[in-house]
Amino acid sequence: MIFVEQVIKMVLKEEGSIDRSELIHKVALQMKLPELEPFIESTLGIMVGNKSVKVDENGKVYI
């Protein structure tokens, strides 16, 4: 899970504010493991809950 969190943060640093589904897809591509999208989505949900990443009023995720 820690590796997934690091990749999420790396993509957010590179892309800036990004739509949640697009972020999940880009993280899966970056990891070259598209079958992990459900796990990436749940990890992102935990990160939002822990406030290590934020979601704006438009649903875009950012650091």
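In what follows, the structure referred to is the one given above.
Quick look at the structure, then. Only a predicted model underlies this, so the values are computations on that prediction, with no experimental measurement involved. (Residues numbered from 1 in each chain as written. Predicted model: local features only at pLDDT ≥ 70, side-chain atom pairs only at ≥ 80, totals over all residues. Heavy atoms only, no water.)

1. Things to note about helix α2 (residues 20–31)
To be explicit about the condition: Per the convention used, a helix needs a DSSP run of H or I reaching at least four residues, while a strand needs a run of E reaching at least two, with both numbered from the N terminus. The span one expects for a helix is its residue count, reduced by one, times 1.5 Å. Between buried and exposed lies partly exposed: a residue is buried under 20% and exposed over 50% of the maximum accessible area for its type, with that area taken using a 1.4 Å probe on protein chains only. The directions from the helix axis to the C-beta atoms form the arc being described. Contact definition: two residues touch when any of their heavy atoms are within 4.5 Å.
The terminal C-alpha atoms of α2, which comprises 12 residues, lie 17 Å apart, in line with the 16 Å expected from a rise of 1.5 Å per residue. Taken together, the buried positions of α2 are occupied by Leu 23, Ile 24, Val 27, Ala 28 and Met 31. Seen along its axis, α2 keeps its buried residues to an arc of 135 degrees; they face one direction. The inward-facing, buried residues of α2 abut α1 (2–15), β1 (18–19), α3 (37–49) and β3 (60–62). Lys 32, located one to two residues past α2, shows a positive phi value of around 60 degrees.

2. Comments concerning the pattern of salt bridges
It is possible for side chains bearing opposite charge to pair when their charged atoms get close. Threshold: We define a salt bridge as a side-chain nitrogen of Lys or Arg found within 4 Å of a carboxyl oxygen belonging to Asp or Glu.
Taken as a whole and judged by the stated rule, the model has two salt bridges. In this structure, Lys 26 engages Glu 15 in a salt bridge whose closest nitrogen and oxygen atoms are separated by 3.2 Å. With a gap of 11 residues between them, Lys 26 in helix α2 and Glu 15 in helix α1 connect regions that are remote in the sequence. Here Lys 26 makes a salt bridge to Glu 22, at a shortest N to O gap of 3.7 Å. Here Lys 26 pairs with Glu 22, and both are found in helix α2, just four residues apart, close to one helical turn. A single network of salt bridges, built from pairs that share partners, joins Glu 15, Glu 22 and Lys 26.

3. A closer look at α3
With 13 residues, α3 extends 18 Å from end C-alpha to end C-alpha; this agrees with the ideal 18 Å at 1.5 Å per step. Taken as a whole, α3 has its buried residues at Ile 40, Thr 43, Leu 44 and Met 47. One side of α3 holds all its buried residues, which, seen down the axis, span an arc of 105 degrees. Residues of α3 that are exposed and point over 90 degrees away from its buried face: Pro 38 and Gly 49. Contacts from the buried residues of α3 go to α1, α2 and β3.

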